[in-house]
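Observations on the three-dimensional arrangement
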Amino acid sequence: MSQTKVQLVEGKSDQTITGSTLTTTTLNAANLNSGAFSNRNLIINGGMEVAQRGTQTSLSTGGNYGGCDRWKLEISNLGTWTLGQDSTDAPKDKGFANCLKLDCTTADASPAAGDLLILQHPIEGYLCNQLAYGQSTAKSVTLSFWCKAEINGWSSGTKSFVAELQAGSTTYESGNLVTLTTNDTWQKVTCTFPGMTGQAIASSTNDLGMMINLWLDAGTNYTSGTLSTSWSNKSSADRCPGTTLGLGAHTDNNFFMTGVQLEIGDVATDFEHRSYADELIRCKRYCEVILEGTGSGAYMSNTVAYTTNQLYSIFRFSVEKRATPTLVQTTGTNYYTNWNNNSGTTFNGLTGLSWPNTRATAVYQSGSAFTAGHAGLLGSDNTSAKVYLQCEL
């Protein structure tokens, strides 16, 4: 009878399979994190492969999506930042060609009490069903990722920040302290969070189910309490005690991250590499670029002049959206052109959306002079032009 040896989980010994029978008891559901061989990673774009929006600069307040898709920077008066995708510093020896890079461009070495800097990843409710939160059977989850920090003046000792899960109908949190041991060195981080039995979350919906928060810097309003992995509606002071990273203290400071995985169970398995096409489709549920200008010209879609001053173009999404999206665009002098009859009508930007839904929308431009009833082609030959639709959480 033939025998096959397989290693299914990093750190577990080879398992011998004889016929259809496992000859060792060490291969069990706990070792395999409840038996998920694929689709176990709740994170979208954890390998930082997709970056539809491109690098975003001069970020200084509010919630900002940019750089790698599905990652958001929440800032309150703590420096100015550039958020982008980076390949130069990516840990290629760990199997990652890209990473997220957060670059401090204006420092704040003495944050006020209410200042904060949080790198976030929102998870849709539909993905959270399997966690059974709010039930006695609620499952623990393990967050793992590779990261490094470049901190000006750090030559000895350690630096810390808080990795937090946030969920629940009345917003509960659970926090873990992450300790970095060496400056400018990639380090594997693993944090396990208990199942949340006390609060249900927005599962089976397209609303926010859970938020991952990485507290990279903050004022005393958030650092003066006690950190706990126990789920509770925490006071502000208990959100990120022990945070010493001080990422906003100097313009030489940078934070890099890739290989992010959140999975059911107490064991961090190897990162689940998905194809670029797979990750892109998942990202497009929340954001889809419909036009990106190039020097040689780039078309978006056909147009029709509904009246002499209204131009419409229909765009059907490649992926059904999470919710009805909104229009985001760069604008500037003659960024966009409607070509027809061997000439072009230029304008600075689109006016808005018409009849948008989760499957399609019309974009329109009003105010320019068109010939009613004429068809055309909408596009751009300006490399700064970009139009996308987003419906982020």
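Look up: the structure comes first, before these words.
Read on for an overview of the structure. This one's a predicted model, so the numbers in the text were calculated from it and none came from an experiment. (Residues numbered from 1 in each chain as written. Predicted model: local features only at pLDDT ≥ 70, side-chain atom pairs only at ≥ 80, totals over all residues. Heavy atoms only, no water.)

**Describing the sheet that holds strand β17 (residues 326–329)**
Defined as follows: Pairing between two strands is assigned when DSSP locates at least 2 bridges connecting them. For the purposes of this entry, the term helix denotes a DSSP run of H or I that reaches at least four residues, the term strand denotes a run of E that reaches at least two, and both are numbered from the N terminus. Working convention: axes come from line fits to C-alpha atoms, limited for helices to the stretch in contact. Angles between N-to-C directions cover 0 to 180 degrees.
With respect to topology, three strands assemble into an open sheet ordered β14-β23-β17, the strand pairing being antiparallel. Only two strands of the sheet have a single neighbouring strand rather than two, namely β14 (287–292) and β17. Taking the axes of each pair of neighbouring strands and ignoring which way they run, one obtains an average angle of 20 degrees across the sheet. Examined bridge by bridge, β17 and strand β23 (residues 386–390) share four bridges and lie antiparallel to one another. Looking at β23, one finds that Gln 329 is bridged to Val 387.

**Remarks on the nonpolar core**
The condition that has to hold: Buried Ala, Val, Leu, Ile, Met, Phe, Trp, Tyr and Cys residues that are joined via side-chain atoms within 4.5 Å together make up what is termed a nonpolar core. Each residue's exposure class comes from its accessible area (1.4 Å probe, protein chains only) as a fraction of the maximum for that residue type: buried when under 20%, exposed when over 50%, partly exposed otherwise. The contact rule is simple, with two residues in contact once any of their heavy atoms fall within 4.5 Å.
Residues Leu 102, Phe 161, Leu 216, Phe 255 and Met 257 are the most contacted members of the largest nonpolar core, which totals 51 residues. When residues no more than four places from it in sequence are discounted, the contact partners of Leu 102 are Leu 73, Trp 81, Thr 82, Leu 83, Leu 117, Leu 216, Leu 247, Asn 253, Asn 254 and Phe 255. The next biggest cluster of nonpolar side chains, apart from the first, holds 18 residues, and it includes Ala 305, Tyr 336, Val 363 and Val 387.

**Here we look at the sheet that holds strand β18 (residues 336–340)**
With antiparallel pairing, seven strands are arranged side by side in an open sheet as β19-β18-β22-β15-β16-β21-β20. The open sheet has two edge strands, β19 (343–347) and β20 (352–354), and neither has a second partner. Looking at each pair of strands side by side, their axes are set apart by 35 degrees on average, direction ignored. Here β20 runs beside strand β21 (residues 360–366); their pairing, made up of three bridges, is antiparallel. Considered in β21, the bridge of Ser 354 is made with Ala 362.

**Section: the packing of aromatic side chains**
How we decide: Classification of ring pairs rests on two measures: the distance between centres of Phe, Tyr or Trp rings, Trp counted by its six-membered ring, which must be within 6.5 Å, and the angle between planes, read as stacked under 30 degrees, edge-to-face over 60 and tilted in between.
A full pass over the atoms with the stated rule returns 11 aromatic pairs. The interplanar angle of 50 degrees and the centroid separation of 6.2 Å between the aromatic rings of Phe 315 and Phe 317 together place this pair among those described as tilted. Each member of the pair, Phe 315 as well as Phe 317, is classed as buried. For the ring pair Tyr 335 and Tyr 336, a centre distance of 6.2 Å and an interplane angle of 65 degrees mean the geometry is edge-to-face. Residue classification places Tyr 335 among the buried positions, given a relative accessible area of 15%. We classify Tyr 336 as buried; its relative accessible area is 1%. Among the aromatic residues, those joined into a ring-pair cluster are Tyr 306, Tyr 312 and Tyr 364.

**Quick notes on the pattern of salt bridges**
In plain terms, the rule: Every case where a carboxyl oxygen of Asp or Glu lies within 4 Å of a side-chain nitrogen of Lys or Arg is listed as a salt bridge.
Overall, the coordinates contain 14 salt bridges when judged by the stated rule. A salt bridge links Lys 148 to Asp 184, with the shortest nitrogen-to-oxygen separation between them at 2.9 Å. Linking Lys 148 in strand β8 (residues 141–150) with Asp 184 in the loop between β10 (172–180) and β11 (187–193), this pair joins segments that are 36 residues apart in sequence. Of the residues examined, Asp 184 reaches a relative accessible area of 39% and is grouped as partly exposed. The salt bridge partner of Lys 386 is Glu 292, with a shortest N-O separation of 3.3 Å. Here Lys 386 is found in strand β23, whereas its partner Glu 292 is found in strand β14, with 94 residues between them in sequence. Given the relative accessible area of 43%, Glu 292 is considered partly exposed.

**Overview of the environment of Cys 240**
Tracing the backbone through its elements, the reader meets Cys 240 in the loop between α1 (220–223) and β13 (254–264). Between the C-alpha atom of Cys 240 and that of Ala 218, which follows or precedes it by 22 residues, the distance is 7.9 Å. In this view, Cys 240 contacts Val 162, Trp 215, Ala 218, Tyr 222 and Thr 223; residues no more than four positions away in its chain are not counted.

**Thoughts on the pairing of β10**
The side chains of a regular strand alternate between the sheet's two faces. Across nine bridges, the pairing between strand β9 (residues 159–167) and β10 is antiparallel. Across the sheet, Lys 159 pairs through a bridge with Leu 180, a residue of β10. Where β9 folds back onto β10 in an antiparallel hairpin, the turn is made up of four residues, including Gly 168, whose phi is positive at roughly 110 degrees.

**With respect to helix α2 (residues 276–284)**
Since there are 3.6 residues in each turn of an α-helix, residues three or four apart along the chain are aligned in direction. Operational definition: The reported arc concerns the directions from the helix axis to the C-beta atoms and nothing else.
Along α2, the residues classified as buried are Glu 279, Leu 280, Cys 283 and Lys 284. Angularly, the buried residues of α2 cover 135 degrees about the axis, an arc narrow enough to put them on a single face. Contact partners of the buried residues in α2: β14.

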